[in-house]
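Analysis of the macromolecular model
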Amino acid sequence: MKHVFLTIFFAASLSGNAGAERLTLGDAIRMAQAHSPEAQAAEHTYRAAYWSYRSFRANYLPEVNLVSEPYLNRQINRVTQPDGTELFVRQNQLITDLGLQISQNVWFTGGNLFVQTSTQRMDEFGSHTTAYNSLPVTIGYRQSLFGYNSLKWNRRIEPVRFREAKKTYAETLELIAARTCELFFSLAAAQANLDIARSNYASADTLYRYAKGRYDIGSITENEMLQLEVNRLNEETNMMKAQIEVEDAMLTFRSFLGIREETVIEAVPEDSIPRFEVPLTEAMEQAYRHSPEPDTYRRMNLESKSSLAQARADRGLKADLYLRFGLSQTAGRLADSWRDPLDQQYVSLSLVVPILDWGRGRGKVRVAKSNVSLVETQTEQGMNDFELNVRKMVRQFNLQARQVEVAARTDETARRRYEVALRLYLMGKSTVLDLNAAISEKDTARRNCIEAMKIYWTLYYGLRSMTQYDFEHDCPLTERLPEI
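First things first, this report covers the structure right here in the doc. (Residues numbered from 1 in each chain as written. Predicted model: local features only at pLDDT ≥ 70, side-chain atom pairs only at ≥ 80, totals over all residues. Heavy atoms only, no water.)

Quick look at the overall build of the protein chain
Across its full length, the protein chain carries 8 helices and 13 strands. Here the C-alpha radius of gyration of the protein chain, 39 Å, is well above what a compact globule of 484 residues would show, namely 23 Å. For the protein chain, the spread of C-alpha atoms along the three principal axes comes to 140 × 50 × 50 Å. When burial is assessed residue by residue, the protein chain has 40% of its 484 residues classed as buried. Here the contacts in the protein chain between residues at least 6 apart in sequence split such that 77% fall between residues at least 24 apart. When the accessible surface of the protein chain is split by element, carbon and sulfur atoms take 53% of a total near 27,800 Å². For the protein chain, the separation between the mean place of its 59 positive charges and that of its 61 negative charges on side chains is 5 Å. (Helix = DSSP H or I, 4+ residues; strand = E, 2+ residues; numbered from the N terminus. Rg over C-alpha atoms; globule rule 2.2 N^0.38 Å. Buried < 20%, exposed > 50% of the residue type's maximum accessible area, 1.4 Å probe, protein only. Contact = heavy atoms within 4.5 Å. Areas by Shrake-Rupley, 256 points an atom, 1.4 Å probe, with all protein chains shown as cover. Lys, Arg positive; Asp, Glu negative; His and termini not counted. Charge placed at Lys NZ, Arg CZ, Asp CG, Glu CD.)

Listed below in structure tokens is the structure:
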């Protein structure tokens, strides 16, 4: 991997930052992605999506349940007699049962297939008798014939939703990295401004003292000496302002990193950047493959079509089918109730035919159709914007490395020019205006260099977040996600 080494001139560590915790950009990003409130929130969101997906998958696996519904009946009830008459009879009985049921959802039909075995015991306390009813095996099936099949639609939607959540988590981590770059270089710029202000104040104070001596011997005018005094006072004011900016930037940075202690942080920008270009074609390919946005629009399309299918099902004929076949026997003893079982069948079909709903069902269908069309329009526009953003990001990133290199050279040249201007002024071969211009160019070049580095790294992680791909190491970012 090739690197462009930048000769950014940074003064020695600030005397006011003695004992400060020095952080590089990489250290800050790792800390933000692990401990920042944004990272914690993203992790919890992804964990919830993971367990939601696990729950969805469990709906398509066999389910085993142990079932029991015991009850005590001690009351007077109306009981039909063998001759058809009805009498009020006092009942005093205890019903206990135990059953084992295995069920399986059938996703392509939306029904439920089950197999169960159970035994029921009835104790009559009045007559002191006991009876058993056993069902050695029962096979049943439940099915909505014309209803909405949520199992089929969820099977299409939920994998896309989970894939979207996983990519969104990776995207959020890269966005956190990009935000860390902004705050890191904001702190670095503020500390550089303070460094510049201190250096300029020291120089202005020295020049003022030197000018007073020259003024006393009449080698400079009073106007020039007063100009140097004004410069010293201005630099003192700039130094105090820069100190406030450093404190504000540090407070914001600590809050973002999740650092609650009053730790003094010194941002240490690296003197190199990775040197590579991102091919536009490859960036587009990786973005469509790994970014969460295509999955987001795909999920929105599927959900709108699912809502349309549900609206159509709710509007039309409704029919529920229930089938049950098995063996059954009853006896006074438990063992006898399992001998010579008799076959049994139960079939039920319920129908609901809508006749008059005052257009409610038709209205819901039309709303669902309009929503499908709206989502398709939003998807098309969203994907166009997504492609344009990727193109823009790639173009800016590929140009920014050169801008960083130019800014670094400008910074070095401006610093050398200032040193020459200072020597010429001390030798009496230039004016204070020339010196002030050199100081201004030096300070501006240094700030521009830090700003260029900030833009580069923000674009670097912004491009990673949009494409979900590490072009420097040639691998998808989802492969590096921390374990949940």
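Some words on the environment of Ser118
Within the element layout of this structure, Ser118 appears in strand S6 (residues 111–124). For the pair Ser118 and Leu100, spaced 18 residues apart in the sequence, the C-alpha separation amounts to 6.3 Å. Ser118 has contacts with Leu98, Gly99, Asn133, Ser134, Leu135 and Trp338, leaving out every residue within four places of it along the chain.

Comments concerning the environment of Val353
Examined against the element boundaries, Val353 turns out to sit in the loop between strand S11 (342–352) and helix H7 (360–426). For Val353, a relative accessible area of 57% puts it in the exposed group. Considered as a pair, Val353 and Pro136 are 217 residues apart in the sequence and their alpha carbons are 38 Å apart.

Thoughts on the pattern of salt bridges
Going through the model one piece at a time under the given rule, you end up with 29 salt bridges. Between Glu285 and Arg289 there is a salt bridge, with its nearest N and O atoms 2.8 Å apart. With Glu285 and Arg289 both in helix H5 (residues 280–290) and 4 residues apart, this pair spans about one turn of that helix. Residue Arg339 pairs with Asp336 through a salt bridge whose shortest N-O separation is 2.2 Å. Using a relative accessible area of 47% as the deciding quantity, one classes Arg339 as partly exposed. (Salt bridge = Lys/Arg side-chain N within 4 Å of Asp/Glu carboxyl O.)

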